[in-house]
Amino acid sequence: MYVRRRRCYIVKYVLKRLFMVIPILLGITFLSFALMQTASGDVIDAIYEQAGGVPSEEIVAAKRAELGLDKPFIVQYFIWLGGVLTGNMGNSYVSNRPVFQDFMSHLPATVILTLSSIFITVLFSIPLGILSAVKHNKITDYIIRILTFVGNAMPGFFLSLVLLYLFSVQLKWLPATGNNGFVSIILPTVTLAIAMTAKYTRQVRAAVLDELKKDYVLGARSRGVKERIILYFSVLKSSLLTIVTLLGLSIGSLLGGTAIIESIFMWPGVGKLAVDAITMRDYPVIQMYVIWMAVIFVVINLLTDIIYYYLDPRIRLQKER
């Protein structure tokens, strides 16, 4: 009976959140569409500038009519929205290929980069955060805190240029740009993982320190429970909420594409696709990217809330009441 009630609550909660997403998505797409209309420049000018030509006014007018850009803003928006609701994201103004097809061809590269950087981050940040908390105010703690401070403070674009110079230009160990197999993902992964590891380590350290001061830890120590068991079976479990929160934010951001890093390393992910689309005023591609970002953050936040529900009995009890 209890298990059935819990499942019923989860289903109702998920459906409620999904219904709330609809007006949010409509508002986001409308605002992004409006902002693109106010941007300086024009997609037609960008297309012909890239081709190196200077078209006549008649050619520009004909091209605008072909793409539907001669219609009022609100008409353009509802035409686009009607296409989306029927599963048609439109064609790219630049490549003339279906937007959904282009987007899906770039998505695997972003997913691979996301998984690799998250794996490296978790692999190093949790042990370092625990070690820093256990060695509180000792030399090991100071070294880890200094390193994490530097990692947090260093801009991603600067770090990526340093890594490119060292490992691609000087040592020639790794390719500088592109997607040429496994070795090509190392530099962008390390660039992303360094900043995230620094942030995660500090958060894990703070969470573990907070747990170590609580009464249940003192009680376990007084009963002779080994420190390692207390750390890994009690303290770390209680600190998982902090880690899950960070993971949710990072995964959502990474799946949205890290535009700067992907552009520097010429990694063919959705972030680079979005940057190119913005440069060329390719509105259908930009709108597809906006929808993806909105959906992925909603889904990640929903999954994070569900994980909270199962990890923390206090949250579960409060919601069920």
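Quantities reported herein were computed from a predicted structural model and do not represent experimental measurements.

K.L.:
Before we go on, may I ask you to explain the pattern of salt bridges in this structure?
P.N.:
A side chain of one charge can pair with a side chain of the opposite charge when the charged atoms of the two come close. According to the stated counting rule, one finds 4 salt bridges in the structure shown. Arginine 145 serves as the salt-bridge partner of aspartate 141, at 3.3 Å between the closest nitrogen and oxygen. Taken together, the residues span about one helical turn, with aspartate 141 and arginine 145 both in helix H6 (residues 139-153) at a distance of 4 residues. Aspartate 141 gets classed as buried once you look at its relative accessible area, which sits at 0%. A residue is classified by how much of its surface remains accessible, and arginine 145, at 31% relative accessible area, is partly exposed.

K.L.:
Whenever I open this one, helix H10 (residues 227-238) confuses me. Can you help?
P.N.:
Because each turn of an α-helix spans 3.6 residues, side chains separated by three or four positions in sequence point in the same direction. With 12 residues, H10 should cover 16 Å at 1.5 Å per step; its first-to-last C-alpha distance of 15 Å lies within 8% of that length. When H10 is considered as a whole, its buried residues turn out to be Ile230, Leu231, Val235 and Leu236. All buried residues of H10 project into a common sector of 140 degrees when viewed along the axis, lining one side. For H10, exposure combined with an orientation more than 90 degrees from the buried face picks out Phe233 and Lys237. Those residues of H10 that are buried lie in contact with helix H5 (99-134), helix H8 (186-212), helix H9 (215-222) and helix H11 (240-255).

K.L.:
What exactly am I supposed to notice about unusual backbone geometry here?
P.N.:
Among all residues save glycine, negative phi is the norm, and among peptide bonds the norm is trans. One non-glycine residue, lysine 172, lies in positive phi territory at about 55 degrees. Secondary-structure assignment places lysine 172 in the loop between helix H7 (156-170) and H8. Although it is not a glycine, methionine 266 adopts a positive phi angle of roughly 55 degrees. Note on placement: methionine 266 falls in the loop between helix H12 (259-264) and helix H13 (270-279).

K.L.:
Can you help me understand the packing of H10 against H11 in this one?
P.N.:
Angle between the axes and distance between the axes: these two values describe a pair of packed helices. Running from N to C, H10 and H11 cross one another at 50 degrees; their axes reach a closest spacing of 5 Å. With respect to H11, the axis of H10 lies oblique. Two secondary-structure elements touch here, H10 through Leu236, Lys237 and Ser238 and H11 through Leu240, Leu241 and Ile243.

Basis of the calculations
- Every chain's residues receive numbers from 1 upward, in the order its sequence appears when written.
- Restriction of local features to residues with pLDDT of at least 70 applies here, the model being predicted, together with a cutoff of 80 or more for giving and counting side-chain atom pairs; totals for whole chains, interfaces and linings are based on all residues.
- Heavy atoms from the whole structure form the basis of all side-chain values; hydrogens and water molecules are not counted.
- In the sections that follow, a salt bridge refers to a side-chain nitrogen of Lys or Arg positioned within 4 Å of a carboxyl oxygen of Asp or Glu.
- By definition, any uninterrupted DSSP run of H or I lasting at least four residues is a helix, any uninterrupted run of E lasting at least two residues is a strand, and each is numbered from the N terminus.
- Burial classes follow relative accessibility: with a 1.4 Å probe on protein chains only, a residue under 20% of its type's maximum area counts as buried, one over 50% as exposed, and anything between as partly exposed.
- Residue count minus one, scaled by 1.5 Å, sets the expected span of a helix.
- As used here, the arc is the angular range of directions from the helix axis to the C-beta atoms.
- Any two residues whose heavy atoms approach within 4.5 Å are treated as being in contact.
- Lines fitted to the C-alpha atoms define the axes, with helices restricted to the stretch that makes contact. Angles between their N-to-C directions range from 0 to 180 degrees.
- An angle below 35 degrees is read as roughly parallel, one above 145 as roughly antiparallel, one from 65 to 115 as roughly perpendicular, and any other as oblique.

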